[in-house]
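# Notes for the structure review
Residues per chain are reported as follows:
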Amino acid sequence: MSTITPKIEVETTPNLVSKVYEKLQNKISTFRKASHRPLTICEKILIGHLDESADFSSDDALVAGKSYVLLNPDRVALQDVTGQMTILQFMLAGLNRTAVPTTVHCDHLIQARIGSDPDTKAALYENNEVYQFLESASRKYGMGFWKPGAGIIHQVVLENYAFPGGLMIGTDSHTPNAGGLGMLAIGVGGLDAAEVMAGMSWELLYPKRIGVYLTGELNSWASPKDVILFVASKLTVSGGTNAIIEYFGPGAAAISCTGKATITNMGAEIGATCSLFPYDKRMETYLRATGRRSIADLANKHVNLLTQDPRIEKEIRENQENSINYFDQLIEIDLSNLEPYIVGPHTPDLARPISKMGEDIKKNDYLDTISVALIGSCTNSSYEDMSRAADVAEQAREKGIKTKVPLQVTPGSEMIRATIERDGQMKLLKDIGANVLANACGPCIGQWNRPELKQGESNTIVTSYNRNFPGRNDGRRETMNFISSPELVIALALGGRLSFSPLTDELTASDGKKFKLRPPKIAPEIPEKGFKDVTDIYVAPADDPVRVGVTINKDSDRLQKLEPFPKWDGKDFEKLPILAKVRGKCTTDHISPAGPWLMYRGHLDKISDNLLLGAVNAYRDGEVGSGKNTLNSKIEPFPHIAREYKKRGLKWIIVGDNNYGEGSSREHAAMTPRYLGCAAVIARSFARIHETNLKKQGVLAFTFADPSDYSKILEDDRISITGLNNLKPRKSVNCILYHVDGREEEISLRHSYNESQLEWFRAGSALNILHSMEQTSL
Ligand code: SF4
């Protein structure tokens, strides 16, 4: 008989929230004994979630941008693409149930082709085995499963699970959407999520803080979207890196809860760890409207934990320079003066007010004719958003006109879709020509089939989405995506051109008369009749999980059960070949590219065929993704060579340049080398998350003691790394280069392993240790 992990409630119950507030109260009080300064909200939530092992005796251990802290999140959210490998890894730990409440959301795999019903049906057929796997694993391991068509992960989390003061991680970069409801919500890689699901704490670089002080009130065409588009233009796409963006000030309360979520969602576009707002009446309204009255009552009782200490705002109001005591940077926005913005193409920080778009089009020769307009996505599909968009549609309908270009609507959830269908907003949008797509990501993540476009045809689209890098929406780099608010996208669709400004330009009514659109009315943030109840979209964990089998077909090319990586055999690495020496930037996307490989995220063997396909070969100028197979001296793709070495039982080495493995924390970039036989990566320096991922998967990660030794490694060299039985923290390691001309050179390697990380290496992986702990407790 195996041990039974205590049952974890999937729901955000009052009991769970009350425990979190108790924890926050205790830890913040302890911290205040050592540090007497006022605290911001993100500090309170971080401190309140520090692991028991954390040192509370002073705030020296919490140096922004330097200290790493261990945290215990309250929830995990998985989407259907990244969730596959996360769950497969969780299964390796051998637990019966997840250790923290977890949900799975089927939103990324539905391709937009015709419309909601046929597209969802097609996805159910094409991805059947993936959905079966996710559902059966959810039922077995105690996770909540949201079916295809139920909605987009972040919207569903906001409607059901987010709560002020909580800490959540999610395997999707727009997880910070829940910051609109006062939750510290952070996007992570699948391995991090799997470990938290298995009961481990989670490591985070203690973030810097950027304050955004809001005053005034939005008016006219300006919307919450314009707040974040403006912030993005100020901070640029990397300005938020390793920082939490904390919004505060009297203007914060003037924005609805869902409007706040739009703003925190798009903090991902400036690289922020996450963004959040303080708890207020607007959040209370949303909690009550979404059936969470008792959580609103609890939050009301603990406002002091969920808002900044009041002295901070007071001091900043008196003198902005006081902000340096609390924030690394402060931005002030008077919402009353904010204009509607439009950003793009290809980057969200290329912003200008709509009034300047015309000039920019001429200057940059952008294509003025719009090919398709799209509203919705997890970023902008709230009741308020759809109501403002419908208001503009209603003005057009009254004048007897329709959009000049196709208009696609992606509701964020089935609850929103059913509610706006009942309350008439959907009819108004359809009346001006809208087509309704599935409640899913679709064109926001490249799941958009556009057969009408010729290969390589340049075209302009306008969306209310969040991301617009080349190829993002339809896989075509020529498509130029401009992002704006839903109401402005509707106006642009009516005008048919990017240079149309509803502020100044007129439309022609069906009777030939000219008219101007007026700014949309202030819209209700929640429906007067309440949100519509929807059914048959959710599957709860099984009452009798032992009886549930997890379905993985052994012939599948979409899913593969993971086998534990083998333990280290106790021997030194002797005369190993170099698979690749990489020159310059090598992100996790170069190591494990996305695009068509998205399909194989749950199949380690298949996806390993993309290993290093984006990496630049340091030995062969301009060669990308391939190198010399030392067994036959031919130039072949890296994954092919790795498989050849593996077949012959040969381990091999990767040599990296500076900041090797930067970019997203995609665990496939560490798993695929490990799977194909990589023994070690030696780099000039590592991006820390990737370095940790390599360590966790059992690949040794070294840096050159002397970075110039990088140039000593030649294409046909063999490499030995010795003394592995005596690996110790802070102790360098000996490496011998065997050159083909018979010379031998010795170089010294460094590492950053601590004792427990060395155990990961010896055991074969970090998950193997969890697994063996679980076995010994049987
Ligand atoms: S709608 Fe777009 S941004 Fe939101 S979760 Fe889906 S792909 Fe990501």
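A brief look at the structure comes next. Every value quoted in this text rests on a predicted model; they were computed, and no experiment measured them.

### Structural notes on the overall build of the chain
Helix and strand content of the chain: 25 helices and 30 strands. Its C-alpha atoms put the chain at 85 × 65 × 60 Å along the principal axes. Burial analysis of the chain (778 residues in total) assigns 61% to the buried set. Intrachain contacts of the chain at a sequence separation of at least 6 include 75% that bridge at least 24 residues. Looking at the chain as shown, the accessible area adds up to about 29200 Å², and 49% of this sits on carbon and sulfur atoms.

### Details of the sheet that holds strand β5 (residues 167-170)
Pairing is mixed across the open sheet formed by six strands, whose spatial order is β6-β5-β2-β3-β4-β21. Each end of this open sheet is capped by a strand with a single partner; those strands are β6 (184-187) and β21 (538-539). This element, helix α6 (residues 153-160), spans β2 (75-79), β3 (102-105), β4 (144-146) and β5 of the sheet and lies at about 150° to β2.

### Thoughts on the pattern of salt bridges
If the charged atoms of two oppositely charged side chains come close together, the side chains can form a pair. Scanning all chains against the criterion turns up 50 salt bridges. Here E487 and R388 are joined by a salt bridge, their closest N and O atoms 2.6 Å apart. Here E487, found in helix α18 (residues 486-495), pairs with R388, found in helix α15 (residues 383-398); they are 99 residues apart in sequence, far enough to count as distant. Pair check on accessibility: E487 and R388 agree, each one buried. The partner of R743 in a salt bridge is D741, and the shortest N-O contact between them spans 3.0 Å.

### Here's the deal with the packing of helix α3 (residues 82-92) against helix α7 (residues 190-197)
The geometry of α3 relative to α7 is characterised by a closest axis approach of 8 Å and an angle of 40° between their N-to-C directions. As summarised for this structure, α3 and α7 are arranged oblique, according to the angle between their axes. The hand of the α3/α7 crossing is right-handed. Here α3 contributes T86, Q89 and F90 to the contact with α7, which in turn contributes G190, L191, A193, A194 and M197. Each residue belonging to the contact of α3 with α7 can be placed in one class, and the counts come to five nonpolar, three polar and no charged.

### Considering the packing of aromatic side chains
Inspection of every chain in the model, using the stated rule, returns 15 aromatic pairs. Aromatic ring contacts, followed pair by pair, group W146, Y161 and Y538 into a single cluster. Its end group placed over the ring of Y675, K646 keeps NZ or CZ at 3.9 Å from the ring centre.

### Considerations on the pairing of strand β25 (residues 652-656)
In terms of burial, β25 is largely enclosed, as five of its five residues are buried. Residues W652, I654 and G656 of β25 are buried on one face, and the alternating residues I653 and V655, pointing to the opposite face, are buried as well. Relative to β25, strand β22 (residues 573-581) runs parallel, the two being bridged by three bridges. Within the sheet, the bridge partner assigned to I578 lies in β25 and is I653. Across five bridges, β25 lies against strand β26 (residues 678-683) in parallel orientation. Across the sheet, W652 pairs through a bridge with C678, a residue of β26.

### As for the side chain of Q408
Structurally, Q408 is set in strand β15 (residues 407-410). By relative accessible area, which is 14% here, Q408 ends up buried. Polar side-chain contacts of Q408 include one of 2.9 Å to the side chain of N435. Each residue touching Q408, except ones within four places of it in the same chain, is listed here: V372, A373, L374, I375, N435 and L437.

### Re the environment of T120
By secondary structure assignment, the location of T120 is in helix α4 (residues 116-126). Judged by its relative accessible area of 13%, T120 is buried. The contact partners of T120, leaving out residues within four places of it in the chain, are I110, P148 and A438. Of the polar contacts made by the side chain of T120, one reaches the backbone oxygen of S116; its length is 2.7 Å.

### Quick notes on unusual backbone geometry
With an omega dihedral of 0°, the bond running from G344 to P345 counts as a cis peptide bond. Mapped onto the secondary structure, P345 falls in the loop between β12 (341-343) and β13 (351-353). With a phi close to 60°, D365 is a non-glycine residue in the positive phi region. On the secondary structure map, D365 appears in the loop between α14 (357-364) and β14 (370-376). A residue is classified by how much of its surface remains accessible, and D365, at 68% relative accessible area, is exposed. Of note in the backbone geometry, L612 takes a positive phi value of approximately 60° without being a glycine.

### Topic: the environment of E359
You can see E359 is positioned in helix α14. Of the residues examined, E359 reaches a relative accessible area of 54% and is grouped as exposed. Between the alpha carbons of E359 and S499 there is a distance of 8.3 Å; along the sequence they are 140 residues apart.

### Brief notes about α7
Among the eight residues of α7, eight are classified as buried, and the element is accordingly described as predominantly covered. By the burial criterion, the buried members of α7 are G190, L191, D192, A193, A194, E195, V196 and M197. Just downstream of α7, G199 is the residue with a positive phi angle, here 100°.

### Regarding the sheet that holds strand β9 (residues 243-248)
The strand order β10-β9-β8-β11 describes an open sheet built from four strands, whose pairing is parallel. Since the sheet does not close on itself, it has two edges, and those belong to β10 (274-276) and β11 (329-334), each with one partner. The mean angle between the axes of side-by-side strands here comes to 20°, regardless of whether they run parallel or antiparallel. Note that strand β8 (residues 208-215) and β11 share six bridges and pair parallel. Bridge pairing in β11 places T215 opposite D334. In the packing of helix α8 (residues 224-235) onto the sheet, the strands contacted are β8, β9 and β11, and the crossing angle to β11 comes to about 140°.

Definitions and limits used
Residues numbered from 1 in each chain as written. Predicted model: local features only at pLDDT ≥ 70, side-chain atom pairs only at ≥ 80, totals over all residues. Heavy atoms only, no water. Helix = DSSP H or I, 4+ residues; strand = E, 2+ residues; numbered from the N terminus. Buried < 20%, exposed > 50% of the residue type's maximum accessible area, 1.4 Å probe, protein only. Contact = heavy atoms within 4.5 Å. Areas by Shrake-Rupley, 256 points an atom, 1.4 Å probe, with all protein chains shown as cover. Pairing = 2+ DSSP bridges. Axes fitted to C-alpha atoms, helices over the stretch in contact; angles between N-to-C directions. Salt bridge = Lys/Arg side-chain N within 4 Å of Asp/Glu carboxyl O. Parallel < 35°, antiparallel > 145°, perpendicular 65-115°, else oblique. Left-handed = near helix turned anticlockwise from the far one by under 90°. Nonpolar A, V, L, I, M, F, W, Y, C, P; charged D, E, K, R; others polar. Phe/Tyr/Trp six-rings, centres within 6.5 Å; stacked < 30°, edge-to-face > 60°. Lys NZ or Arg CZ within 6 Å of the ring centre and 35° of its normal. Polar contact = N/O pair within 3.5 Å; in protein donor to acceptor, adjacent residues only side chain to side chain.

Take it as geometry only, folks, not as evidence of what the structure does.
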